[in-house]
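Tertiary structure, described
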Amino acid sequence: MSEWFSVFKRGLSVDNPLTVLMIGLCATLAVSTKFEGAFFMGLAVIFVLTMSAILVSFLRHVVPEKVRIPVFIVIIASFVTIVDLMMKAFLPTVYDFLGVWIPLIVVNCIILGRAEAFSYHKPVKLAIADGLGMGIGFSAVIVVLASIRELLGSGQIVFLGTKIIGFPAWYKGPNIVLLFPGAFIIFGFMVAGAMALNRRMSARQVQTSQRCTIEEGGGS
Amino acid sequence: MDRANATPGQMVLAVVLTCAVAASALSVTYDLTKDRIAEQERAAEVASLGEVLPDASEFVAMEDLLESAQVAAGDSDVGAVYRAEGESGDLMGWGVRIAARGYGGPIRMVVGLDRNGQVTGVSIITNTETPGLGTEVLASDDFMTQFVGWDGLDIDSAAKAYDAVTGASKSSNGVRTGVLASGHVFQEVLSGIREGGAVDE
């Protein structure tokens, strides 16, 4: 179980798809103008990533290497279409906002990349850990980015028609936050923050492991 | 099976089987959601029609008028023409669903006209304008209400006196184009039908 957890944790920290691997940025910058949109985009990616990881890993012994990419694409596209139809049916306002970015999850390199690099080689249990970890890592970053942009840009955060938090009415947000330059600037700070955090965590790990060896050395 | 040295037959089988399973999974999902999706789209449309023609109780899609309406609208794309009816089935006005080019793509809207061709309101269904700039135009009451009262029979002169929003003139012009084209649809197609309405004194 500790191996499962360490795989799961990598997606959130040292292998985070957005702040470390920096893949799937296109959709991230585009949909992170609204908290609500980013939240459901995150859920959609978690679902597609985990389900396709399970299937790819489950089929890894029977899918010939030479046709693996077409098979992966069909699997991923099917799950994306399921999400697309479901969202259109049950969350039409969110679907209007996310628009073309939902079908474009098919070509999001996080999903094909993880299928190719991880799920195709690992047992189902670990593939689930990787899918969930990467998906939650992606969602966490996109939700934080969208919260900052919506709050600073529009002065309030609205979730499914309800105002969650807002600045007083006189606040007039700078438009640049909602446009792409603002997304890049804020995202840059988030990458810097994530790097600092990862560095500190790995430094602490080295320290503890050193202390362990010293203690062990003293004991023997 | 050795996945590195599969025979062509095995490869074909793998891809065909995957596609077959995927297709059946999708057809099940489609069946489960299609009624609900159609219902949502219909509800969204009726809601915007009700917004621009609040007095009407029934909207009937006029499919036989669609083709001539599309010709009259020129570059803008007419999606549907609705006849708005009062409680006794009398003609109250017209709703035109139209898409005109904005800054980031088509702006889909419903333009309401009363039976004399005066614009009663404009309601935006979907748009892909720049968040914070173009979308502010569409959300601004000051901007959207200026179209109310434009005379469909003389829409070209009405459209000359019009205020675009600074910084988002392409989004503003997109809405104006849609209203203008709806006016042309009224001039060339709908105004002729007015006399044929059930109750017209």
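Look up a bit, the structure's there.
Report follows, based on the coordinates. (Residues numbered from 1 in each chain as written. Chains lettered and ligands numbered in written order. Predicted model: local features only at pLDDT ≥ 70, side-chain atom pairs only at ≥ 80, totals over all residues. Heavy atoms only, no water.)

Looking at the overall build of chain A
Put simply, the rule is: Elements are defined by DSSP. Helices are runs of H or I of four residues or more, strands are runs of E of two residues or more, and each kind is numbered from the N terminus. For every residue, the accessible area (1.4 Å probe, protein chains only) is compared with the maximum for its type, and the residue is labelled buried under 20%, exposed over 50%, or partly exposed between those bounds. For this analysis, residues touch if any pair of their heavy atoms sits within 4.5 Å. Note that accessible areas follow from Shrake-Rupley with a 1.4 Å probe, and for residues the cover is restricted to the protein chains shown. The charged-residue count follows a simple rule in which Lys and Arg add positive charge and Asp and Glu add negative charge, with His and chain termini not counted at all. Every charge is mapped onto a representative atom, which is NZ of Lys, CZ of Arg, CG of Asp or CD of Glu.
Broken down by element type, chain A carries eight helices and two strands. Counting only C-alpha atoms and orienting by the principal axes, one finds that chain A spans roughly 70 × 50 × 25 Å. The 220 residues of chain A split such that 45% are buried. Sequence separation of 24 or more characterises 76% of the internal contacts of chain A that already satisfy a separation of 6 or more. Surface summary for chain A: the accessible area is close to 10,900 Å², and the carbon and sulfur share equals 71%. Between the averaged position of the 17 positive side-chain charges in chain A and that of its 11 negative side-chain charges there is a distance of 4 Å.

Brief notes about the layout of surface pockets
We apply this condition: In this analysis a 1.4 Å probe is tested at points of a 1 Å grid over the protein atoms alone, and where it fits but cannot get out there is a cavity; an open set with protein on both sides within 12 Å along at least five of seven lines is a pocket; lining residues have an atom within 4 Å of a point. Grid points are joined across faces, edges and corners, and a volume is the space filled by probe spheres set on the points. Throughout this entry, Asp, Glu, Lys and Arg are counted as charged residues, while Ala, Val, Leu, Ile, Met, Phe, Trp, Tyr, Cys and Pro are counted as nonpolar. The remaining residues, Gly among them, count as polar.
Taken as a whole, the largest pocket encloses approximately 1,500 Å³ of empty space. Lining the largest pocket are 39 residues, with A:Lys34, A:Phe97, B:Asn127, B:Glu129 and B:Thr135 positioned closest to its centre. Mapped by element, the contributors of at least two residues to the lining of the largest pocket are helix H2 (25-31), helix H5 (92-98), helix H7 (124-154) and strand S1 (156-159) of chain A together with strand S4 (106-114), strand S5 (119-126) and helix H3 (134-139) of chain B. Counting residues per element, the lining of the largest pocket draws most heavily on H5(A), at five residues. Considering only residue class, the lining of the largest pocket consists of 19 nonpolar, 12 polar and eight charged. Each pocket or cavity is described by its volume, and for the second largest pocket that value is around 500 Å³. Taken together, 18 residues form the lining of the second largest pocket, with A:Asp96, B:Glu41, B:Ala44, B:Ile125 and B:Thr126 sitting closest to its centre. Those elements that provide at least two residues to the lining of the second largest pocket are H5 of chain A together with helix H1 (8-52) and S5 of chain B. No other element matches H1(B), which puts eight residues into the lining of the second largest pocket. Of the residues in the lining of the second largest pocket, the class split is seven nonpolar, four polar and seven charged.

Brief notes about the pattern of salt bridges
Residue and element names in this part refer to chain B. Definition in use: Take a side-chain nitrogen of Lys or Arg and a carboxyl oxygen of Asp or Glu: if they are within 4 Å of each other, that pair is a salt bridge.
For the structure shown, the criterion picks out six salt bridges over all chains. The salt bridge partner of Arg97 is Glu45, with a shortest N-O separation of 2.6 Å. Residue Arg97 is located in strand S3 (residues 91-101), and its partner Glu45 is located in helix H1; the two are separated by 52 residues in the primary sequence. For Glu45, a relative accessible area of 10% translates into the label buried.

Description of the environment of A:Gly99
Locating A:Gly99 in the fold gives a position in the loop between H5 and helix H6 (109-119). The sequence separation of A:Gly99 and A:Leu126 amounts to 27 residues, and the corresponding C-alpha distance is 32 Å.

Side note on the sheet that holds S4(B)
Residue and element names in this part refer to chain B. Counted only if it meets this: Each pair of strands is called paired provided DSSP finds at least two bridges between the two strands. Each axis is a line fitted through C-alpha atoms, and for a helix only the stretch in contact is used; angles between axes span 0 to 180 degrees, taken between their N-to-C directions.
On the basis of which strands lie adjacent, the open sheet formed by five strands has the order S1-S2-S3-S4-S5 and antiparallel pairing. Each of the sheet's edge strands pairs with one partner strand only, and the pair in question is strand S1 (58-61) and S5. On average, each strand axis in the sheet is inclined to that of its neighbour by 25°, with strand direction left out of account. The pairing of S4 with S5 spans six bridges and is antiparallel. Looking at S5, one finds that Arg108 is bridged to Thr126. Lying over the sheet, H1 contacts S1, strand S2 (77-85), S3, S4 and S5, oriented at roughly 155° with respect to S5. The sheet contacts of helix H6 (residues 169-193) involve S2, S3, S4 and S5, and relative to S3 the element is tilted by about 140°.

Considering the packing of aromatic side chains
All names here are of chain A. Rules: Only Phe, Tyr and Trp rings are paired, with Trp represented by its six-membered ring, and only when their centres lie within 6.5 Å; those with planes under 30 degrees apart are stacked, over 60 edge-to-face, the remainder tilted. For a lysine, the NZ atom is tested; for an arginine, the CZ atom; a charge sits over a ring if that atom is within 6 Å of the ring centre and within 35 degrees of the ring normal.
The full count for this structure, using the stated rule, is 14 aromatic pairs over all chains. Note on Phe39 and Phe159: the rings are 5.4 Å apart at their centroids and 90° apart in plane angle, and the pair reads as edge-to-face. Of the two residues, Phe39 sits in helix H3 (residues 35-58) while Phe159 sits in strand S1, which places them 120 residues apart along the sequence. According to the relative accessible area criterion, Phe39 is partly exposed, its value standing at 31%. Members of the aromatic cluster, joined through ring pairs, are Phe35, Phe39, Phe40 and Phe159. If you follow Lys122 out to its NZ or CZ, it ends over the ring of Phe118, 4.8 Å from the centre.

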